[in-house]
Amino acid sequence: MEALDIDGRAVVDAIDQPAFVVDGSDRVLVCNEECRALAGDDVSGTSLGDALADYPDLLAEVSASDPGLVTVETSAGTRHFDVQKSDLRDERGRRLGDLVLCHDVTEQQRQRRELERQNEQLDRFASLVSHDLRNPLDVAIGRTTVLGELVDSEEAREHVAELEAAHTRMREIIHDVLTLAQEGRNIDETSAVDLAAVAEAAWSHVDTAGASLSVRADATVRADPARLEQVFENLFRNSAEHAATSGRGQPDGDPDRPGSVTVTVGELAGGDGFYVADDGRGVPDDVANSVFEAGVSGDGCGTGLGLAIVRSIAAAHGWESEVTTAEAGGARFEFRGVELATDGTRPEQ
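Keep in mind that what you see is a predicted model, and the values were worked out from it rather than measured.

A. Spotlight on the overall build of the chain. Scanning the chain from N- to C-terminus turns up nine helices and 12 strands. Each of the 349 residues in the chain was classed as buried or not, and the buried ones make up 39%. Put simply, of all contacts in the chain between residues at least 6 apart along the chain, 56% involve residues at least 24 apart. As displayed, the chain offers around 19,100 Å² of accessible surface, 46% of which is attributable to carbon and sulfur atoms.

B. Looking closely at helix α4 (residues 56-63). Along α4, the positions that sit buried rather than exposed are L58, E61 and V62. End-on view of α4: buried residues confined to an arc of 100°, all on one side of the axis. Among the structural elements, β1 (19-22), α2 (33-39), α3 (48-51), β3 (69-74), β4 (77-89) and β5 (95-104) are those in contact with the buried residues of α4.

C. Representation of the state of the cysteines. Enumeration over the complete set of coordinates arrives at zero disulfides. Between C31, a free cysteine, and C35, which holds the nearest cysteine sulfur, the sulfur-to-sulfur gap is 4.3 Å. Overall, C35 belongs to the buried group, its relative accessible area being 5%.

D. Looking closely at helix α7 (residues 195-204). Every buried residue belonging to α7 is among L195, A196, V198, A199, A202 and W203, and all of these are buried. Around the axis of α7, the buried residues are gathered within 165° of arc, so they sit on the same side. With a side-chain oxygen lying 3.0 Å from the backbone nitrogen of A196, the N-terminal cap of α7 falls on D194.

E. Looking closely at the packing of aromatic side chains. For the coordinates displayed, the defined rule picks out five aromatic pairs. Here the aromatic rings of F274 and F335 are separated by 5.0 Å at their centres, their planes lie at 25°, and the arrangement is stacked. Here F274 is found in strand β10 (residues 273-278), whereas its partner F335 is found in strand β12 (residues 331-336), with 61 residues between them in sequence. Each member of the aromatic cluster is reached from another via a ring pair, and the members are W203, F232, F236, F274, W319 and F335. We note R332 situated over the ring of Y275; from NZ or CZ to the ring centre the distance is 3.9 Å.

F. Layout of the sheet that holds β12. Spatially, β7-β9-β10-β12-β11 is the arrangement adopted by the five strands of the open sheet, whose pairing is mixed. Each edge of the open sheet is held by one strand with a lone partner, namely β7 (212-216) and β11 (320-325). Between one strand and the next, the sheet's axes are offset by a mean angle of 15°, whatever the strand orientation. Relative to β10, strand β9 (residues 262-267) is paired through five bridges, and the arrangement is antiparallel. Bridge pairing in β10 links V265 to V276.

G. Examining the sheet that holds strand β2 (residues 28-31) more closely. With antiparallel pairing, the five strands of this open sheet are ordered in space as β2-β1-β5-β4-β3. Strands at the two margins of the open sheet, each flanked by one partner only, are β2 and β3. Sheet twist, expressed as the average angle between the axes of neighbouring strands with direction ignored, equals 30°. Taken together, the four bridges between β1 and β5 define a ladder with antiparallel strand orientation. Looking at β5, one finds that A19 is bridged to L101. Sheet strands touched by α4: β1, β3, β4 and β5. Its angle to β3, the strand with the most contacts, is close to 150°.

Quick notes on the rules
- Residues numbered from 1 in each chain as written.
- Predicted model: local features only at pLDDT ≥ 70, side-chain atom pairs only at ≥ 80, totals over all residues.
- Heavy atoms only, no water.
- Helix = DSSP H or I, 4+ residues; strand = E, 2+ residues; numbered from the N terminus.
- Buried < 20%, exposed > 50% of the residue type's maximum accessible area, 1.4 Å probe, protein only.
- Contact = heavy atoms within 4.5 Å.
- Areas by Shrake-Rupley, 256 points an atom, 1.4 Å probe, with all protein chains shown as cover.
- Arc of directions from axis to C-beta.
- Disulfide = S-S within 2.5 Å.
- Polar contact = N/O pair within 3.5 Å; in protein donor to acceptor, adjacent residues only side chain to side chain.
- Phe/Tyr/Trp six-rings, centres within 6.5 Å; stacked < 30°, edge-to-face > 60°.
- Lys NZ or Arg CZ within 6 Å of the ring centre and 35° of its normal.
- Pairing = 2+ DSSP bridges.
- Axes fitted to C-alpha atoms, helices over the stretch in contact; angles between N-to-C directions.

Structure below.
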């Protein structure tokens, strides 16, 4: 077997992860500095079994036809490697052996375990919200309804109405908190989704209080259809609610009368995302930098969780979200890093 040439050795030495070349007889032809640090010595010229004698699990993975992840106990502690093998040939096409790369994914594995731990906490939190809070709230709502039927004074009925309003708000908060806990999960599967169709479906589910929708998008993107619809619903509701409290669009400018707003859904100029914009009053300056944070509400209405849910869903897709000022002066929410469906897959309707 012809030895690896100088250029080949230089390539192996330049790799910043443990790497080595083995020939057809499982003899190590060359290894880089990271490999020597792992093996404890220069193992060039030795058999693969001798080179990795201290790491039997790693040896088994390297020897496998389709290697993958392996956990190794080293003097520096537990490390995780993603083992990859590539066929190595010379300029004449003759096979020299395999280039073995042990990519250290210890930090990624730590982050994955931390994410799993956080997801378990979210599961417990969602269970608490769903059962331990909803059940007594339902009892309180039922008792309040009965109380409203028993009282006969105007003052008492006003107090009952306030109780019902408080219960309604509590139910909305519980729903949004539960949604926030669930929607932040990573998305394992996506499908081809017609952006315009999902936006229009979401619009039909929201009380838009006289607002109008303009869709200027015909892209098909890869997304979780239900979660994407939730994004549109929350953004549409946000625009409609802010218009209703600002008197936007009323000819007399009366702030106590519900306003109207035009919401536009379109594609970003760069082709890597979409936006939702309105011609309302825009985002107040005092919350512009924190509008996606849980509990932030520009006018004190709503739960302050709707836009946090939007960002959470976007992050779960791997999208970047940003709020800017629209050309018409309202709010413009942009989402970048959105993958277009270009594989011919039929979109979800």
